[in-house]
Amino acid sequence: MQITQCLHTAILVSNLERAEHFYGNILGLSKVERSLKYPGVWYQIGDVQLHLIVDTTLSTHLQNPEKWGRNPHVAFSIANLDDAKTKLLEHNCPIQMSASGRAALFTQDPDGNIIELSQV
């Protein structure tokens, strides 16, 4: 087997409208067309897609509530960490700076999924 590329990451969300506001408006991701019938939305990030799939029975639980980066998460590269932090705080999104000292922070989407934003 030879894996040649990452195609997408899927995240479960309980409320598509709320999730679309977070991922599209706050994070600024670009939505792409999808032909599937079940509720969800796809975003394009470089060569990779992020698929949001609706699960109305979703219950999130952080395995490590002290350090969000030690939970399952998706990481995105960003141009400016300070700008990202400001925008997240303006929208009352929770943030936790990386405990490693890297130029990175963690936030949670409305369902508690962890998102890492790293300035690289």
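Residues numbered from 1 in each chain as written. Predicted model: local features only at pLDDT ≥ 70, side-chain atom pairs only at ≥ 80, totals over all residues. Heavy atoms only, no water.

### Focus on the pattern of salt bridges
Step number 1: All chains considered together, the criterion is met by three salt bridges.
Step number 2: Residue Lys31 is joined to Glu20 by a salt bridge in which the shortest nitrogen-to-oxygen separation is 2.5 Å. Residue Lys31 is located in strand β2 (residues 30–32), and its partner Glu20 is located in helix α1 (residues 16–26); the two are separated by 11 residues in the primary sequence.
Step number 3: Residue Glu20 is classed as partly exposed on the basis of its relative accessible area, which comes to 23%.
Step number 4: Among the ionic pairs, Arg102 bridges to Glu116, the shortest N-O distance being 3.0 Å. You can see Arg102 sitting in the loop between β6 (95–97) and β7 (104–108) and its partner Glu116 sitting in strand β8 (residues 114–119), a full 14 residues away along the chain.
Step number 5: By relative accessible area, Glu116 is classed as buried at 8%. (Salt bridge = Lys/Arg side-chain N within 4 Å of Asp/Glu carboxyl O. Helix = DSSP H or I, 4+ residues; strand = E, 2+ residues; numbered from the N terminus. Buried < 20%, exposed > 50% of the residue type's maximum accessible area, 1.4 Å probe, protein only.)

### Structural notes on the packing of aromatic side chains
Step number 1: Taken as a whole and assessed by the stated rule, the structure comprises two aromatic pairs.
Step number 2: When the ring of Phe22 is compared with that of Tyr23, the centres are 4.9 Å apart and the planes differ by 85°; the resulting orientation is edge-to-face. The same class applies to Phe22 and to Tyr23, which are both buried.
Step number 3: Ring pairing ties together the aromatic residues Phe22, Tyr23 and Tyr43, which thus form one cluster.
Step number 4: Sitting over the face of the ring of Tyr38, Arg34 holds its NZ or CZ atom 4.9 Å from the ring centroid. (Phe/Tyr/Trp six-rings, centres within 6.5 Å; stacked < 30°, edge-to-face > 60°. Lys NZ or Arg CZ within 6 Å of the ring centre and 35° of its normal.)

### Comments concerning the pairing of strand β5 (residues 73–78)
Step number 1: Along β5, the buried face is formed by Val74, Phe76 and Ile78; none of His73, Ala75 and Ser77, which line the opposite face, is buried.
Step number 2: Bridge analysis of β5 against β8 gives six bridges, and the strand direction is parallel. Note on β8: the bridge partner recorded for Ser77 is Ser118. (Pairing = 2+ DSSP bridges.)

### Considerations on the sheet that holds strand β4 (residues 48–54)
Step number 1: Taking strand neighbours across the sheet as the criterion, the four strands line up as β1-β4-β3-β2 in an open arrangement whose pairing is mixed. Each edge of the sheet is formed by a strand with only one pairing partner; in this case those strands are β1 (8–13) and β2. In this sheet, adjacent strand axes meet at a mean angle of 35° when their direction is disregarded.
Step number 2: Bridge count between β1 and β4: six bridges; the pairing is parallel. Note that in β4 the partner of Leu12 across the bridge is Ile53. (Axes fitted to C-alpha atoms, helices over the stretch in contact; angles between N-to-C directions.)

### Quick notes on the nonpolar core
Step number 1: Ile11, Tyr23, Leu50, Leu52, Ile115 and Leu117 are the most contacted members of the largest nonpolar core, which totals 21 residues.
Step number 2: Elements supplying a minimum of two residues to this core: β1, α1, β3 (40–45), β4, β5, α2 (81–90) and β8.
Step number 3: Here this core takes four residues from α1, the largest share from any one element.
Step number 4: Beyond its immediate sequence surroundings of up to four residues, Ile115 is in contact with Ile11, Phe22, Tyr23, Leu27, Val74, Phe76, Leu105, Phe106 and Thr107. (Core = buried A, V, L, I, M, F, W, Y, C linked by side-chain atoms within 4.5 Å. Contact = heavy atoms within 4.5 Å.)

Spatial relationships are all this shows, so hold off on functional conclusions.
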